Amino acid sequence: MDNEEKNAYEVVGVGSDATEADIKKAFRQRSLKTHPDRNPHLKDAARLFHELTQAYELLLDPLRRMALDAKLRIQEARKQRYANFDKKRKAMLEELEEAEQADKKAKSAEAAKKQRHARETEQIRDAGRRLVEERQAELRRQQEEAEHAEKCAQDELEPPPLGEHDTTVRLKYPLAKYPHLTTADALHAFMATFGPADKDSIVLSMKPPKKAAHKPPKYATAAVPFKTVADAHAAVCASGRADRGLEDFEIGWMGGCEPAVWSWSERMLGLKGERREAASEPSSNSKDAGVPTAVTPAGVGVGARGGLPRTSDGQSSPGAGSQFSSFPPSFSGVPPLHSSAPQLSAPGLDFESAVLMRMRQAERERLEREIREQEANEA
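Each value, and the rule that gives it
- Residues numbered from 1 in each chain as written.
- Predicted model: local features only at pLDDT ≥ 70, side-chain atom pairs only at ≥ 80, totals over all residues.
- Heavy atoms only, no water.
- Helix = DSSP H or I, 4+ residues; strand = E, 2+ residues; numbered from the N terminus.
- Buried < 20%, exposed > 50% of the residue type's maximum accessible area, 1.4 Å probe, protein only.
- Contact = heavy atoms within 4.5 Å.
- Areas by Shrake-Rupley, 256 points an atom, 1.4 Å probe, with all protein chains shown as cover.
- Core = buried A, V, L, I, M, F, W, Y, C linked by side-chain atoms within 4.5 Å.
- Salt bridge = Lys/Arg side-chain N within 4 Å of Asp/Glu carboxyl O.
- pLDDT = per-residue confidence, 0-100.
- Pairing = 2+ DSSP bridges.
- Axes fitted to C-alpha atoms, helices over the stretch in contact; angles between N-to-C directions.
- Parallel < 35°, antiparallel > 145°, perpendicular 65-115°, else oblique.
- Nonpolar A, V, L, I, M, F, W, Y, C, P; charged D, E, K, R; others polar.
- Patch = residues over 30% accessible without salt bridge, like charges linked within 9 Å, V, L, I, M, F, W, Y side chains within 5 Å.
- Lys, Arg positive; Asp, Glu negative; His and termini not counted.
- Charge placed at Lys NZ, Arg CZ, Asp CG, Glu CD.
- Phe/Tyr/Trp six-rings, centres within 6.5 Å; stacked < 30°, edge-to-face > 60°.
- Lys NZ or Arg CZ within 6 Å of the ring centre and 35° of its normal.

Caption draft 1: Representation of the overall build of the chain. Regarding its fold elements, the chain presents eight helices and six strands. Each helix (α) and strand (β) of the chain, taken in turn from the N terminus, gives the series α-α-α-α-β-α-β-β-α-β-α-β-β-α. Looking at the 379 residues of the chain, the share that counts as buried comes to 27%. Long-range contacts, defined as pairs at least 24 residues apart, comprise 66% of the intrachain contacts of the chain with a sequence gap of at least 6. Roughly 25100 Å² of accessible area belongs to the chain as shown, and the carbon and sulfur atoms make up 53% of that amount.

Here's what the structure looks like:
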């Protein structure tokens, strides 16, 4: 390597502003360390001493020292310039890294925002789906409730099945008072006033007392099946009535309680009466004849004072000219009522007459009340 390529000041060990004396002094000190004769153990002593001698001669030559100084200044300026370039590159690299970091952060934030938006969208969809399902469930529940209510209402309108003993009544009467009622034929003729009965199915029992089996029987019991529930009910209503010739005559339902079909028919007739009474309300406000004409179920006309409908001979008849029935025409499983209702001596002995009388009485009271109100208003 050329000695000029090395920094002579560094080889000698002085600075660039060193004087000639400083250079000589430093040379003597370095030569002691690098001279081959004084340092035989040092392998590179000859080379190092040669470099030291050349650097010493260069620094003692003013022209060569000036050239060296110029060269060193150029190298220092180049180094400084390169250092500035390194600073700029480093700044550019730092800016680039910062931009990359900011871009990564922005991308991460955007990805997080998209994920959050996707989660919110999914939550909204789930909430909407739940609302739709709840609404559908509510609609299904309301529909089921409506269907159940409609079914219940339809079931209430449907008549219950006719029981085996719904048209059969149980009789108990003293034989001492009714000695002629000892056969099924006689009992059938006696009960015919309430309606037709099945004579062949009448069961008659006359047993002596348990404690005195040798004595004649005191009471007779019988089961009489009627053709319709209304006839059986009329017989039960006449139990013990002296005006019907049934004193001490006990008549009850064979099953021990009123048949379900009869309770249903009463409820249906009550509903019909309420509907027809509500329909007759608007006509009660008319003042054409002074007294309105009432409308009763199934074509039964009632006059100003609620009298019975008249037959062709002018007599009152609870059943004549009326289509009012104890059961609706579509009542399946129950035979229709006989066309000629029994002409009883007193009202209220069969169901049809009882219902008609109650309705006529209510209509009569309503009409009288309206008449009094009209007279008060006119006065």
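Caption draft 2: Structural view of the environment of F27. Here F27 shows up in helix 2 (residues 20–34). By relative accessible area, which is 16% here, F27 ends up buried. The residues touching F27, leaving out its near neighbours within four places in the chain, are V12, L52, T53 and Y56.

Caption draft 3: Region of the structure containing the nonpolar core. Among the nonpolar cores identified, the biggest contains 28 residues, and L171, Y173, L187, F226 and I251 are the most heavily contacted of them. Of all elements in the fold, only strand 1 (168–174), helix 5 (184–191), strand 3 (219–225), helix 6 (229–237), strand 4 (250–253) and helix 7 (260–280) reach the threshold of two or more residues within this core. Among residues more than four places away in sequence, those in contact with L171 are L187, M191, A220, T221, A222, V224, F249, E250 and I251.

Caption draft 4: Structural detail: the pattern of salt bridges. Under the definition given, this model contains eleven salt bridges. Across the pair D86 and R89 runs a salt bridge whose closest N-O atoms are separated by 2.1 Å. Here the residue D86 and the residue R89 both occupy positions in helix 4 (residues 62–157), the gap between them amounting to three residues, near one helical turn. What makes D86 partly exposed here is its relative accessible area of 39%. Under the relative-accessibility criterion, R89 is labelled partly exposed at 46%. The partner of R141 in a salt bridge is E138, with the nearest N and O atoms 2.3 Å apart. With R141 and E138 both in helix 4 and three residues apart, this pair spans about one turn of that helix.

Caption draft 5: Structural detail: the confidence of the model for the chain. Within the chain, residue pLDDT values average 76, and 77% of them lie at 70 or more. Confidence over residues 286–349 falls short of pLDDT 50; this stretch has 118 contacts with residues more than four positions distant or in other chains.

Caption draft 6: Looking closely at the sheet that holds strand 1. Taken in spatial order, the four strands make up an open sheet running 2-3-1-4, and their pairing is antiparallel. Unpaired on one side and paired on the other, strand 2 (203–205) and strand 4 mark the two borders of the sheet. The sheet shows a mean angle of 15° between the axes of neighbouring strands, direction not considered. Running over the sheet, helix 5 touches strand 1, strand 2, strand 3 and strand 4 and is turned about 105° from strand 1.

Caption draft 7: Seen up close, the pairing of strand 1. In terms of burial, strand 1 is a largely internal element, five of the seven residues being buried. The pairing of strand 1 with strand 4 spans four bridges and is classified as antiparallel. Bridge pairing in strand 4 links V169 to W253.

Caption draft 8: Representation of the packing of helix 2 against helix 3 (residues 45–60) in the model. The N-to-C vectors of helix 2 and helix 3 enclose an angle of 175°; their axes lie 10 Å apart at closest approach. Relative to helix 3, the element helix 2 lies roughly antiparallel. Residues E20, I23, K24, F27, R30, S31 and T34 of helix 2 form the contact with helix 3, whose own contacting residues are A45, L48, F49, L52, T53, Y56, L59 and L60. Classifying every residue of the contact of helix 2 with helix 3 by side-chain character gives nine nonpolar, three polar and three charged.

Caption draft 9: Spotlight on a negative patch on the surface. A surface patch of negative charge is lined by E94, E95, E97, E98 and E100. Turning to its location among the elements, E95 is positioned in helix 4.

Caption draft 10: Here's a closer look at the packing of aromatic side chains. Scanning the entire structure with this criterion turns up six aromatic pairs. Between the aromatic rings of Y178 and F249, the centroid separation amounts to 5.2 Å while the plane-to-plane angle is 85°, which identifies the pairing as edge-to-face. One end of the pair, Y178, is in the loop between strand 1 and helix 5; the other, F249, is in the loop between helix 6 and strand 4, with 71 residues separating them in the sequence. Across this residue pair, the class does not change: Y178 and F249 are buried. In this structure, R81 packs its charged tip against the face of Y82, placed 5.9 Å from the ring centre.

Caption draft 11: Examining the packing of helix 3 against helix 4 more closely. Where helix 3 meets helix 4, the axes come as close as 5 Å, and the angle between the chain directions of the two elements is 100°. When the axis of helix 3 is compared with that of helix 4, the two are roughly perpendicular. Seen from helix 3, the contacting residues are L58, L59 and L60; seen from helix 4, they are P62, R64, R65 and L68. Residue composition of the contact of helix 3 with helix 4, grouped by class: five nonpolar, no polar and two charged.

Caption draft 12: Region of the structure containing the environment of R65. Examined against the element boundaries, R65 turns out to sit in helix 4. Residue R65 is classed as buried on the basis of its relative accessible area of 16%. Along the backbone, R65 and A55 are ten residues apart, and their C-alpha atoms lie at a distance of 9.7 Å. Here R65 is in contact with Y9, S16, D17, A18, I23, L58 and L59, once residues within four sequence places are set aside.

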